[in-house]
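Descriptive analysis of the structure
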Amino acid sequence: MAKLRYIKDSFWSDEWIEGLTLEEKWFFLYLLINQYVSLTGIYPLTIRKMAFELNSSMEFVQKTLEKFQQAKKVYYIWWNVIIVNFVK
């Protein structure tokens, strides 16, 4: 059975999202809705896999994850993605 993810249309008008580049917006959206996401918003995923699925470089993924971490939106610890306030 397929999992469904719902994103509120207000996602695009969020002040923090508006400040991101197009690539960063898509990356953040990917982190929210990819096939590995669990109900808790904590899931294992390698930087190599993210770069492959996004057709991007590993450097971009690492740099963007650091930016998200500084903003306290997403943490990447021990090959695990942790999305802050995912349940909310």
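Let us look at the structure shown here. Since the model is a prediction, treat every value here as computed from it, not as a measurement. (Residues numbered from 1 in each chain as written. Predicted model: local features only at pLDDT ≥ 70, side-chain atom pairs only at ≥ 80, totals over all residues. Heavy atoms only, no water.)

1. Side note on the overall build of the protein chain
A tally of regular secondary structure across the protein chain gives 4 helices and 3 strands. For the protein chain, the sequential pattern of α-helices and β-strands runs α-α-β-α-α-β-β. Taking 2.2 N^0.38 as the reference for a compact globule, 88 residues should give roughly 12 Å; the C-alpha atoms of the protein chain span a radius of gyration of 12 Å, in line with that estimate. Relative to its 88 residues, the protein chain shows a buried fraction of 32%. Sequence separation of 24 or more characterises 52% of the internal contacts of the protein chain that already satisfy a separation of 6 or more. Carbon and sulfur atoms make up 58% of the accessible area of the protein chain, which totals about 6,400 Å². For the protein chain, the distance from the average site of its 11 positive side-chain charges to the average site of its 9 negative ones is 7 Å. (Helix = DSSP H or I, 4+ residues; strand = E, 2+ residues; numbered from the N terminus. Rg over C-alpha atoms; globule rule 2.2 N^0.38 Å. Buried < 20%, exposed > 50% of the residue type's maximum accessible area, 1.4 Å probe, protein only. Contact = heavy atoms within 4.5 Å. Areas by Shrake-Rupley, 256 points an atom, 1.4 Å probe, with all protein chains shown as cover. Lys, Arg positive; Asp, Glu negative; His and termini not counted. Charge placed at Lys NZ, Arg CZ, Asp CG, Glu CD.)

2. With respect to a nonpolar patch on the surface
Together, Trp12, Leu22 and Trp26 give the surface a local cluster of nonpolar side chains, amounting to about 360 Å² of exposed area. In this fold, Leu22 is placed in helix α2 (residues 22–33). Taking relative accessible area as the criterion, Leu22 reaches 54% and is therefore assigned exposed. (Patch = residues over 30% accessible without salt bridge, like charges linked within 9 Å, V, L, I, M, F, W, Y side chains within 5 Å. Salt bridge = Lys/Arg side-chain N within 4 Å of Asp/Glu carboxyl O.)

3. What about the nonpolar core?
The biggest cluster of nonpolar side chains holds 23 residues, and the ones touching the most others in it are Phe27, Leu31, Met50, Val61, Leu65 and Val81. Broken down by secondary-structure element, the contributors of at least two residues to this core are α2, α3 (47–54), α4 (58–70), β2 (74–77) and β3 (80–83). With 6 residues, the single largest contributor to this core is α2. For Leu65, the residues in contact, after removing those within four places along its chain, are Phe27, Leu31, Ile47, Met50, Val74 and Tyr76. (Core = buried A, V, L, I, M, F, W, Y, C linked by side-chain atoms within 4.5 Å.)

4. A short note on the packing of aromatic side chains
Within this structure, the stated rule accounts for 9 aromatic pairs. Consider the rings of Phe27 and Phe60, whose centres lie 6.1 Å apart with planes at 55°: the pair is tilted. Here Phe27 is found in helix α2, whereas its partner Phe60 is found in helix α4, with 33 residues between them in sequence. For the residue pair Phe27 and Phe60, the accessibility class agrees, reading buried in each case. With a centroid separation of 5.4 Å and an interplanar angle of 85°, the aromatic rings of Phe28 and Phe68 are classed as edge-to-face. Of this pair, Phe28 sits in helix α2 while Phe68 sits in helix α4, and the two are 40 residues apart along the sequence. (Phe/Tyr/Trp six-rings, centres within 6.5 Å; stacked < 30°, edge-to-face > 60°.)

5. Describing the side chain of Lys25
Among the structural elements, Lys25 can be located in helix α2. Buried and without a salt bridge, Lys25 has Glu18 as its closest oppositely charged side chain, separated by 7.4 Å. Setting aside residues up to four positions removed in sequence, Lys25 forms contacts with Trp12, Ile17, Glu18 and Leu20.

Limitation: the analysis is restricted to geometry and does not speak to function.
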